[in-house]
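As a plain string of letters, each chain reads:
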Amino acid sequence: EAQVTQNPRYLITVTGKKLTVTCSQNMNHEYMSWYRQDPGLGLRQIYYSMNVEVTDKGDVPEGYKVSRKEKRNFPLILESPSPNQTSLYFCASSLSQGGTGELFFGEGSRLTVL
Amino acid sequence: SQQGEEDPQALSIQEGENATMNCSYKTSINNLQWYRQNSGRGLVHLILIRSNEREKHSGRLRVTLDTSKKSSSLLITASRAADTASYFCATDGPGAGSYQLTFGKGTKLSVIP
């Protein structure tokens, strides 16, 4: 089954404790992206990647890092989480390298930073 | 980056009625997409309409695009309780240099059985 898989789905952590949210897709897509969703603000893009070893900032990259060492994986790293990073996070992928075609989304990772 | 704006923010209708949601955007686009999100779940792609298309259908969905007014509408006919969800429009940027889809804040649709 074609899918984007995120882990963990739910996480409660404390300020400053490094964490990684993993994302994996099995569709051989070139493009992958991370979004965060907050009430009243909609979905905002954090980082995206058009190919292996190619990443770029989205609209809200501060406090986040990403890497794209393999085509299928695109982990989101929070080096020192803060409460304002409490949010619902989505990973997405697209066959279109430019990322403007149909996006396939994971089920989301709800992160709470205390 | 540009952003689509959906209207209304919330819509409540009876089962069987039609639901219409609108999206306005600011600058020229190559394509516009509509997505559905069930509460707290991942977004699901519904339909993509290119800038040179005026209307597109998919099952009970009808999407129109008016590039002169920079607006799009999503019509769901004969709504069902299962259509209860948030609906988002997403736009890309002009030209090949844009690698982002930008989402609006969504319309929350409630279909009452």
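Above: the structure in question.
We now turn to the structure provided with this report. Everything numeric in this text was worked out from a predicted model, so none of it was measured.

Below, the discussion takes up the overall build of chain B. Of the regular secondary structure elements, chain B holds 0 helices and 11 strands. Counting from the amino terminus, helix and strand elements in chain B follow one another as β-β-β-β-β-β-β-β-β-β-β. Taken against the 2.2 N^0.38 rule, which gives 13 Å for 113 residues, the C-alpha radius of gyration of chain B at 14 Å falls within 12% of a compact globule. Judged by the C-alpha coordinates and their principal axes, chain B covers about 45 × 30 × 20 Å. Counting across all 113 residues of chain B, residues that qualify as buried make up 46%.

Another point: the pairing of strand 3 (residues 19-25) of chain A. Residue and element names in this part refer to chain A. Here strand 3 lies mainly inside the structure; 5 of its 7 residues are buried. Pairing between strand 1 (residues 4-7) and strand 3: 4 bridges, direction antiparallel. Bridging across to strand 3, T5 finds its partner in S24. Where strand 3 lies against strand 8 (residues 76-78), 3 bridges are found, and the strand directions are antiparallel. Looking at strand 8, one finds that L19 is bridged to L78.

Residues and elements named next belong to chain B. Spatial ordering of the open sheet is given by 1-3-8-7-6, a layout of 5 strands whose pairing is antiparallel. Two strands in the sheet have a free side with no partner beyond their single neighbour: strand 1 (5-7) and strand 6 (55-58). Averaged over neighbouring strand pairs, the angle between their axes works out to 20 degrees when direction is ignored. Inspection of the sheet shows strand 1 paired to strand 3 (residues 19-24) by 3 bridges, in the antiparallel sense. Within the sheet, the bridge partner assigned to D7 lies in strand 3 and is N22.

So, on to the sheet that holds strand 1 of chain A. Strand order in the open sheet made by the 4 strands is 1-3-8-7 (chain A), with antiparallel pairing throughout. What marks the edges here is a single partner per strand, and that holds for strand 1 and strand 7 (65-66) of chain A.

Time to look at the layout of surface pockets. In this structure, the largest pocket spans a volume of roughly 620 Å³. Together, 26 residues line the largest pocket, and Q37 of chain A together with Q37, S86, F88 and K105 of chain B are the ones closest to its centre. Going through the elements one at a time, strand 4 (31-38) and strand 9 (87-94) of chain A together with strand 1, strand 9 (85-91) and strand 11 (107-112) of chain B are the ones with two or more residues in the lining of the largest pocket. If you tally residues by element for the lining of the largest pocket, the top one is strand 11 of chain B, at 4 residues. Classifying every residue of the lining of the largest pocket gives 6 nonpolar, 14 polar and 6 charged. Counted as a void, the second largest pocket has a volume near 370 Å³. Surrounding the second largest pocket, 20 residues form its lining, F105, G106 and E107 of chain A together with L43 and V44 of chain B being those nearest its centre. Those elements giving two or more residues to the lining of the second largest pocket turn out to be strand 1 and strand 10 (104-105) of chain A together with strand 5 (43-50) of chain B. Tallied by class, residues from the lining of the second largest pocket come to 8 nonpolar, 7 polar and 5 charged.

Cut-off values and rules
- Residues numbered from 1 in each chain as written.
- Chains lettered and ligands numbered in written order.
- Predicted model: local features only at pLDDT ≥ 70, side-chain atom pairs only at ≥ 80, totals over all residues.
- Heavy atoms only, no water.
- Helix = DSSP H or I, 4+ residues; strand = E, 2+ residues; numbered from the N terminus.
- Rg over C-alpha atoms; globule rule 2.2 N^0.38 Å.
- Buried < 20%, exposed > 50% of the residue type's maximum accessible area, 1.4 Å probe, protein only.
- Pairing = 2+ DSSP bridges.
- Axes fitted to C-alpha atoms, helices over the stretch in contact; angles between N-to-C directions.
- 1 Å grid on protein atoms, 1.4 Å probe; cavity = no way out; pocket = protein on both sides within 12 Å on 5 of 7 lines; lining within 4 Å.
- Points joined across faces, edges and corners; volume = space filled by probe spheres on them.
- Nonpolar A, V, L, I, M, F, W, Y, C, P; charged D, E, K, R; others polar.

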